Amino acid sequence: MRMKETQPSNETQPNKADMAKELCRYLLWHRSEGTQALLQSPAPKPLFKEAGSGPSEKSPSAQSPSAQSLSAQSSAHVPLEEIRAHMGDCRLCKLCRHRRQIVFGAGNPKAELVFVGEGPGADEDAQGIPFVGRAGQLLTKMIEAMHFSRDEVYICNVVKCRPPDNRNPEPDEIEACRPFLRAQLASIRPKVLVALGKFAVHTLLSESTPITKLRGRWREYEGIPLMPTYHPAYLLRNPVEKKNAWLDLQSVMQRLGKPLK
Ligand code: SF4
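Since we're looking at a predicted model, the values are computed, not measured.

1. Side note on the overall build of the chain
A tally of regular secondary structure across the chain gives ten helices and six strands. The proportion of buried residues among the 261 residues of the chain is 37%. A fraction of 70% describes how many contacts in the chain between residues 6 or more apart in sequence connect residues 24 or more apart.

Listed below in structure tokens is the structure:
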């Protein structure tokens, strides 16, 4: 059941200075995504620059990489902590009203394997760490069965703030948060991505084919091999699908040179 939306109290309403900061941040992100029409010159310095580019005489518009040129490679090496600092107390979407804290991500910033889920739940919201509830415990078991530890991999979500009443993230929320996910993946540049569940898969692949048809088939995200599979929360509700999920993960293990036993 979806929780009734309530008007935010005055305490949670951003003030004008906060709103100005958020607008600036929003424009900056759009600039990094190549949507130049939103900006009149001069624009704030983009978070991402083309690899190897130094100071330029080009116009602000020409200096900004297009969405295509902002491949994971070209925008790599922005440290995760810098991305997190850039987010600040993000209020780019309505999920900010209900969260306790932003759940950015956790794990090895140089991980060869990254798991992307949907969004934080109540436990994650309370602890500020992704995948720590029941579904998280199952994910931990899956990771360990793959001969990794949680510290060796990186785990994050499509949206960084908890949707109220654990509802699904809405399209505008996913879009608002997408640049942060993109920046994280560009920074880590893993060898393999595992997309957990339909929201992660659809967000990373920008398509809406049912997860049942996508799972188990290798795809690519910005040049990174991507394996779509079921979300651990779905597996808790449908344990019969664990077998298929394990097949997907074994394919990942093979790709990363891990022993299958
Ligand atoms: S979900 Fe993402 S975009 Fe929305 S407020 Fe949280 S960090 Fe910002």
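Once the structure has been displayed, the description carries forward.
2. Some points on the sheet that holds strand β4 (residues 192–196)
Strand order in this open sheet of six strands is β1-β3-β2-β4-β6-β5, and the pairing throughout is mixed. With one partner strand each, in any of the chains shown, β1 (106–107) and β5 (219–221) form the two edges of the open sheet. The pairing of β4 with strand β6 (residues 224–229) spans four bridges and is parallel. Each residue of the ladder has a partner; that of Ala195, found in β6, is Pro228. Most of the contacts of helix α10 (residues 242–255) go to β6, to which it runs at about 165 degrees, and overall it touches β4 and β6.

3. Points about the pairing of strand β3 (residues 154–157)
Going residue by residue along β3, you find Tyr154 and Cys156 tucked away on one face and Ile155 and Asn157 tucked away on the opposite face as well. When β1 meets β3, the two strands line up antiparallel, connected through two bridges. Looking across to β3, one finds that Ala106 is bridged to Ile155. Of the pairings in the sheet, the one linking strand β2 (residues 113–117) to β3 comprises four bridges and is parallel in character. Bridge assignment links Val114 to a residue of β3, and that residue is Tyr154.

4. Thoughts on the site of the ligand
For the ligand, the set of nearby residues contains 15 residues, the closest of which are Cys90, Leu92, Cys93, Cys161 and Cys177. The greatest single-element share of the shell around the ligand, amounting to four residues, is contributed by helix α6 (residues 171–188). Of the residues contributing to the shell around the ligand, the split by class is twelve nonpolar, no polar and three charged.

5. Here's the deal with the pairing of β6
Each regular strand shows side chains that alternate between the opposite faces of the sheet. Across the six residues of β6, five count as buried, placing the element largely inside the fold. The sheet contact formed by β5 and β6 spans three bridges and is antiparallel. If you follow Glu220 over to β6, its bridge partner there is Pro225. Here β5 hands over to β6 after two residues, with Glu222 in that stretch at a positive phi of 45 degrees.

6. Overview of the confidence of the model for the chain
In the predicted model, the chain carries a mean pLDDT of 80, and 71% of its residues have values of at least 70. In the model, residues 1–14 has pLDDT below 50 throughout and makes ten contacts with residues more than four positions away in sequence or in other chains. Here residues 31–74 scores under 50 on pLDDT; set against residues more than four positions off or in separate chains, the count is 60 contacts.

7. Quick word on helix α5 (residues 134–145)
Taking 1.5 Å per residue as the helical rise, α5 with its twelve residues ought to reach 16 Å, and the 17 Å between its terminal C-alpha atoms agrees with that figure. If you check which residues of α5 are buried, you get Ala135, Gly136, Leu139, Met142 and Ile143. When α5 is viewed along its axis, its buried side chains cluster within an angular range of 115 degrees and face the same direction. Exposed residues pointing more than 90 degrees away from the buried face of α5 are listed as Lys141, Glu144 and Ala145. Summarising the contacts, the buried residues of α5 are in contact with β2, α9 (232–237) and α10. Where α5 terminates, the next one or two residues include His147, which has phi positive at roughly 70 degrees.

Procedures and definitions
Residues numbered from 1 in each chain as written. Predicted model: local features only at pLDDT ≥ 70, side-chain atom pairs only at ≥ 80, totals over all residues. Helix = DSSP H or I, 4+ residues; strand = E, 2+ residues; numbered from the N terminus. Buried ≥ 20, exposed ≤ 12 C-beta atoms within 10 Å, placed from the backbone. Contact = placed C-beta atoms within 7 Å. Pairing = 2+ DSSP bridges. Axes fitted to C-alpha atoms, helices over the stretch in contact; angles between N-to-C directions. Near = placed C-beta within 6 Å. Nonpolar A, V, L, I, M, F, W, Y, C, P; charged D, E, K, R; others polar. pLDDT = per-residue confidence, 0-100. Expected span 1.5 Å × (residues − 1). Arc of directions from axis to C-beta.

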